[in-house]
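What follows is the residue order along each chain.
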2 protein chains.
Amino acid sequence: MSDITIVDIAKQAGVSIKTVSRVINREEGVGPATRARVEDLIEKLGYRPNVSARSLSSRRSYLIGVVFMRVGAYHYVGEVQVGAMRACRRAGYHMVIEQVDDPGQARGPGLEQALKAGRFDGLVLTPPVCDDPEILAIIEAQGLSYVRVAPDRDFGRSPYVFMDDQQAAHDMTARLWDLGHRRIGFIDGPADHGSARRRREGYMTAMAERGARVKPEWIAPGDFMPLSGLEAGDRLLGLSEPPTAIFAANDSMAMGVLSAASKRGLSVPGDLSVVGFDDGPLAESSWPGLTTVHQPIAEMAEAATEMLIEGFGDPRFRSRTAARQLDYHIVERGSSTSR
Amino acid sequence: MSDITIVDIAKQAGVSIKTVSRVINREEGVGPATRARVEDLIEKLGYRPNVSARSLSSRRSYLIGVVFMRVGAYHYVGEVQVGAMRACRRAGYHMVIEQVDDPGQARGPGLEQALKAGRFDGLVLTPPVCDDPEILAIIEAQGLSYVRVAPDRDFGRSPYVFMDDQQAAHDMTARLWDLGHRRIGFIDGPADHGSARRRREGYMTAMAERGARVKPEWIAPGDFMPLSGLEAGDRLLGLSEPPTAIFAANDSMAMGVLSAASKRGLSVPGDLSVVGFDDGPLAESSWPGLTTVHQPIAEMAEAATEMLIEGFGDPRFRSRTAARQLDYHIVERGSSTSR
DNA sequence: CCACGATACGACAACGTTGTCTATGCCGTT
DNA sequence: AACGGCATAGACAACGTTGTCGTATCGTGG
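- Going by the annotation in an unreviewed UniProt entry, the name recorded for chain A is LacI family transcriptional regulator, with Caulobacter zeae given as the source organism.

### Section: the overall build of chain A
Then comes step 1: When you go through chain A residue by residue, the secondary structure sums to 13 helices and 12 strands.
Then comes step 2: Across its three principal directions, the C-alpha atoms of chain A cover 85 × 40 × 35 Å.
Then comes step 3: Here the contacts in chain A between residues at least 6 apart in sequence split such that 70% fall between residues at least 24 apart.
Then comes step 4: Carbon and sulfur atoms provide 49% of the accessible area of chain A, an area that totals close to 13900 Å².

### Concerning the UniProt feature "domain: HTH lacI-type" (unreviewed entry) in chain A
Then comes step 1: Annotation from UniProt places "domain: HTH lacI-type" (unreviewed entry) at residues 4–58 of chain A.
Then comes step 2: Helix makes up 69% of residues 4–58 of chain A and strand 0%, and the two end C-alpha atoms of the span are 20 Å apart.

### Quick notes on the pattern of salt bridges
Residue and element names in this part refer to chain A.
Then comes step 1: Throughout the structure, instances matching the rule amount to 43 salt bridges over all chains.
Then comes step 2: For the salt bridge of Glu-201 with Arg-197, the shortest nitrogen-to-oxygen distance reads 3.1 Å. One end of the pair is Glu-201 and the other is Arg-197, both in helix α9 (residues 194–209) and 4 residues apart, which spans about a single turn.
Then comes step 3: One salt bridge connects Glu-241 with Lys-215, and the closest N-O pair in it is separated by 3.9 Å. Here the residue Glu-241 occupies a position in the loop between α10 (226–237) and β8 (245–248), and Lys-215 occupies one in the loop between α9 and β7 (219–220), the gap between them amounting to 26 residues.
Then comes step 4: Residue class for Glu-241 comes out partly exposed when judged on its relative accessible area of 45%.
Then comes step 5: Look at Lys-215 and you get partly exposed, because its relative accessible area is 27%.
Then comes step 6: What emerges from the salt-bridge pattern is a single network uniting Asp-152, Arg-153, Asp-165, Arg-197, Arg-198, Arg-199 and Glu-201.

### A few points about the relation of the copies chain B and chain A
Then comes step 1: When chain B is brought onto chain A, the operation consists of a screw motion whose angular component is 180 degrees and whose axial shift is 0.1 Å, with 0.3 Å RMSD remaining. Such a combination of rotation and displacement between the chain copies is what one expects of a two-fold axis. Closest to the rotation axis within chain B is the C-alpha of Val-96 of chain B, separated from it by 2.1 Å.
Then comes step 2: Residue by residue, 100% of the interface of chain B is reproduced at the interface of chain A, so both copies engage with the same surface.

### Some details on the environment of Ile-135 of chain B
Residue and element names in this part refer to chain B.
Then comes step 1: Along the chain, the position of Ile-135 falls in helix α7 (residues 133–141).
Then comes step 2: Ile-135 sits in the buried class, given a relative accessible area of 1%.
Then comes step 3: Along the backbone, Ile-135 and Leu-111 are 24 residues apart, and their C-alpha atoms lie at a distance of 9.1 Å.

### Let's talk about the interface of chain B and chain A
Then comes step 1: Between chain B and chain A, the residue contacts involve 51 residues of the former and 51 residues of the latter.
Then comes step 2: In total, chain B and chain A occlude about 4600 Å² of area from one another, counting both sides; carbon and sulfur atoms represent 59% of this.
Then comes step 3: Considering only the side of chain B, the residues that lose the most area to chain A are Arg-89, Arg-119 and Trp-287 of chain B, jointly responsible for 16% of the buried surface there.
Then comes step 4: Where chain B packs against chain A, one counts 2 salt bridges.
Then comes step 5: One salt bridge connects Glu-98 of chain A with Arg-89 of chain B, and the closest N-O pair in it is separated by 2.7 Å.

### Examining the protein's contact with DNA strand D
Then comes step 1: Every one of the 28 residues lining DNA strand D counts as a neighbour, but Ser-21 and Ser-57 of chain A together with Thr-19, Gly-31 and Thr-34 of chain B are closest to it.
Then comes step 2: Close to the protein, within 4 Å, the atoms of DNA strand D belong to sugar or phosphate groups at a rate of 62%.
Then comes step 3: Between DNA strand D and Thr-19 of chain B there is a distance of 2.4 Å, counted from a phosphate oxygen to a side-chain nitrogen or oxygen.
Then comes step 4: Every element with two or more residues in the surface near DNA strand D is listed here: α2 (17–24) and α4 (51–58) of chain A together with α2 (17–24) and α4 (51–58) of chain B.

### Quick word on helix α9 (residues 194–209) of chain B
Since there are 3.6 residues in each turn of an α-helix, residues three or four apart along the chain are aligned in direction.
Residue and element names in this part refer to chain B.
Then comes step 1: Its 16 residues give α9 an end-to-end C-alpha distance of 22 Å, which sits within 8% of 22 Å, the value for a rise of 1.5 Å per residue.
Then comes step 2: Within the sequence span of α9, burial applies to Gly-194, Ser-195, Ala-196, Arg-198, Arg-199, Gly-202, Tyr-203, Ala-206 and Met-207.
Then comes step 3: Considering only its buried residues, α9 is in contact with α8 (165–178), β6 (184–187), β7 (219–220) and β9 (273–278).
Then comes step 4: Downstream of α9 by a residue or two, Gly-211 has a phi angle that is positive, lying close to 75 degrees.

### A word on the sheet that holds strand β12 (residues 329–331) of chain B
To summarise the sheet geometry, strands pair through backbone hydrogen bonds and adopt either a parallel or an antiparallel arrangement.
Residue and element names in this part refer to chain B.
Then comes step 1: Strand order in the open sheet formed by 6 strands is β7-β6-β8-β9-β10-β12, with mixed pairing between adjacent strands. Strands with a single pairing partner mark the edges of an open sheet, and in this sheet they are β7 and β12.
Then comes step 2: Of the pairings in the sheet, the one linking strand β10 (residues 291–294) to β12 comprises 3 bridges and is antiparallel in character. For His-294, the partnering residue across the bridge sits in β12 and is His-329.
Then comes step 3: Its contacts with the sheet put α9 on β6, β7 and β9, and the angle it makes with β6 is roughly 165 degrees.
Then comes step 4: Contacts from helix α10 (residues 226–237) reach β6, β7 and β8 (245–248), with the element oriented near 155 degrees to β6.

### Points about the protein's contact with DNA strand C
Then comes step 1: Near DNA strand C there are 28 residues, and of these Thr-19, Gly-31 and Thr-34 of chain A together with Ser-21 and Ser-57 of chain B occur at the shortest range.
Then comes step 2: Here the atoms of DNA strand C within 4 Å of the protein split so that 61% fall in sugar or phosphate, with bases taking the remainder.
Then comes step 3: Measuring from a phosphate oxygen of DNA strand C, one finds a side-chain N or O atom of Arg-59 of chain A at 2.9 Å.
Then comes step 4: Backbone polar atom of Ala-53 of chain B to a base nitrogen of DNA strand C: 3.5 Å apart, as the coordinates give it.
Then comes step 5: Those elements that place two or more of their residues in the surface near DNA strand C are α2 and α4 of chain A together with α2 and α4 of chain B.
Then comes step 6: No other element matches the 5 residues that α4 of chain B contributes to the surface near DNA strand C.
Then comes step 7: Residue composition of the surface near DNA strand C, grouped by class: 9 nonpolar, 13 polar and 6 charged.

### Structural notes on the packing of helix α8 (residues 165–178) of chain A against α9 of chain A
All names here are of chain A.
Then comes step 1: Contact geometry for α8 and α9: axes closest at 7 Å, N-to-C directions at 40 degrees. Judged on the interaxial angle alone, α9 and α8 are oblique. Note that α8 runs across α9; the crossing there is right-handed. Note on element contacts: α9 touches α8 through Ser-195, Arg-198, Arg-199, Glu-201, Gly-202, Tyr-203, Thr-205, Ala-206, Met-207 and Glu-209, opposite Asp-165, Gln-166, Ala-169, His-170, Thr-173, Ala-174 and Trp-177.
Then comes step 2: Residue composition of the contact of α8 with α9, by class: 6 nonpolar, 6 polar and 5 charged.

The rules behind each value
Every chain begins its residue count from 1, and numbering advances along the sequence as written. Following the order in which they are written, the chains are lettered starting with A and the ligands numbered starting with 1. Reporting in this predicted model follows two pLDDT cut-offs: at least 70 for local features of residues, and 80 or more for side-chain atom pairs to be given and counted; totals over whole chains, interfaces and linings ignore these cut-offs and use all residues. Excluded from the side-chain calculations are hydrogens and water; all other atoms, namely the structure's heavy atoms, are used. Helix and strand definitions follow DSSP, with helices as H or I runs of at least four residues and strands as E runs of at least two, each counted in order from the N terminus. Any pair of residues with heavy atoms lying within 4.5 Å of one another is described as a contacting pair. Note on areas: these come from Shrake-Rupley sampling with a 1.4 Å probe, and a residue is covered only by the protein chains present in the view. UniProt positions are given in the numbering used here, feature names are shortened, and annotations may be inferred rather than shown by experiment. Salt bridge, as used here, is a side-chain nitrogen of Lys or Arg placed within 4 Å of a carboxyl oxygen of Asp or Glu. Exposure classes here rest on a 1.4 Å probe applied to the protein chains alone. A residue is buried below 20% of its type maximum, exposed above 50%, and partly exposed in between. Superposing the copies works by least squares over the C-alpha atoms of residues that have pLDDT at least 70 in both of them. Accessible area that two parts lose when put together, evaluated with a 1.4 Å probe and summed over both, is termed the buried area. We call a residue near a molecule or strand whenever a single non-hydrogen atom of that residue lies within 4 Å of it. As used in this structure description, the phrase polar contact means that two N or O atoms lie within 3.5 Å; if the pair is within protein, one of them must be able to donate a hydrogen and the other to accept it, and residues adjacent in sequence are counted only when both atoms belong to side chains. Every helix has an expected span of 1.5 Å times one less than the residues it contains. Note: two strands are recorded as paired if DSSP finds a minimum of 2 bridges between them. In this description, a line fitted to the C-alpha atoms serves as the axis of each element, helices being fitted only across the stretch in contact, and the angle between N-to-C directions of two axes falls anywhere from 0 to 180 degrees. When residue character is reported, Ala, Val, Leu, Ile, Met, Phe, Trp, Tyr, Cys and Pro are called nonpolar, Asp, Glu, Lys and Arg charged, and the others, Gly included, polar. These descriptions rest on fixed angle ranges, namely under 35 degrees for roughly parallel, over 145 for roughly antiparallel, 65 to 115 for roughly perpendicular, and the rest for oblique. In a left-handed crossing the near helix is turned counterclockwise from the far helix by less than a right angle, and in a right-handed crossing that turn is clockwise.

What follows is the structure, given as structure tokens:
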């Protein structure tokens, strides 16, 4: 760790520390010659401002917290981190991750302690945490800035970034229909997960628009984990009139359906079409490749982090909310075909 | 954010701020009565020490950096984070994640900038980053503490946590042999990945011990990604004398092998036994379930973080290295059977 | 040539802790 | 009674920045 401080730079440059501070922070009021001299010296001595001192004085920590729960695929959280990190690095921020321990005791001591330490300039909240009223209450009580990714409700409560899950699921269902499928099964996500709900609604709407009567048993419960996809697939395929296509609310569960099919000796897509949602790493590596909705997870997290750094999410302006919508697209692979 | 400081507590308790500081930090030299009074007041007013001030004064940031690269399964990084977070929370630390941008330009500006900001009390390095000489050089030049998880070389260079990959792969190979398999294929990991190399060596040793001549074409290249497992599996199964069992160096690639088998109409484990390494979420959700080596990833990261916080890894004592070994075990599922 | 505003910079006090050093009181010992 | 030693506590100066405010210096218009 370099031991040189702003004082050393100031001395050697023959200016006051305040002037050096101004140069560092790109403030006005420094002549071009002075500025150049100071900058050279900073470069030459390899000076780095001390973050703690800076934080103490300016009351900003340059720390962004990303809060999530590990439900379903690790992929989701991974992509969120990738996107948030891009935005953080661009702006010279660091990214602290805060994991919510458990769906049940969401506000376990861990998270609450961490939030109350008061270190964060702002938080990025991802589903399903972004819809947890207890957690939101804690955050707001702290007076923290936050931006949400794909929230499910309280849209006026904070800025957020989203994509149209419902429309995407609608499109996907329509595509299966156009391929000639009429008995289309759906595997649901966790009950309290907004995206899951919206995907189900998109499926329902598309079916209803086409005059199809969706039998209750066509919708199987799932929890976004692969195992639940296997079970749900097993259940659907065991019906007296099994579906000819299954739409899983995420890729992991779709993978489970592939397993369920192979277990029963059914070929995909010959005997059964299977489609998913996410376009994670599994989708392109399965055989056959999985037709799925590409969700721009990293981009959403990046946008949210950007908004946070730009000052949206500040509690003082919480009434002025903002939203950014990103686009999805369907990726056609081999797991679905016409009937 | 609470605006009460140590001064407020001191005033109300009728003691000096230093005494309050002592109570907070559980230092000696405070009478039981005084201590109780101060603690009550802290509790009552909801006082939280200001982290920046504390860092500035004590020269510790209470920030641990976890450095990784997203190679192969997201699962690995996820588990690392889970483990490191457990240790961090126990000790009141926060966890900053630092992603290495790209294998090629490992020390992209992002990571280097982040490290040089000098915020970290210490770093946890995971493979393959923990073996990157350039990154190690940067870290050591900064005088940073670090502990490595499953390093591949330079064992005297820092403390580390590990498990015996080679022995585990040896055991797994032996188990396949005992099931009657003689032509056992192996799918390798990335070339520069130490764990991958050790697993291959375990396989080679076990085969050699049993007098088996491993044909070069039995070892197929892979990169820990599922797609490479599919390709490698395809290749192995296309041999004129295909293996009766395939051991993939991780679960993701084993999943690819399952796909390759199903693509060729081979049943697992009837026509082919498949085993993996990791015991990630995929292993139990595939059909059939994957026989694999359970790797205690979270526990290794937790142990490493603990060591870091306890002061191992301090550059002043770098010569006094320490190592902790954790245990693996083989999880038997349905994907392997006797021949 | 003067007044005046703009520009460029500096002095100094925060920011809220911890580290170091010193002071006080009380006990047991001689 | 004097003393040493320990337990307890406080005073005060760091720590390295930024914020606020003040002050030279300079160019410019009248």
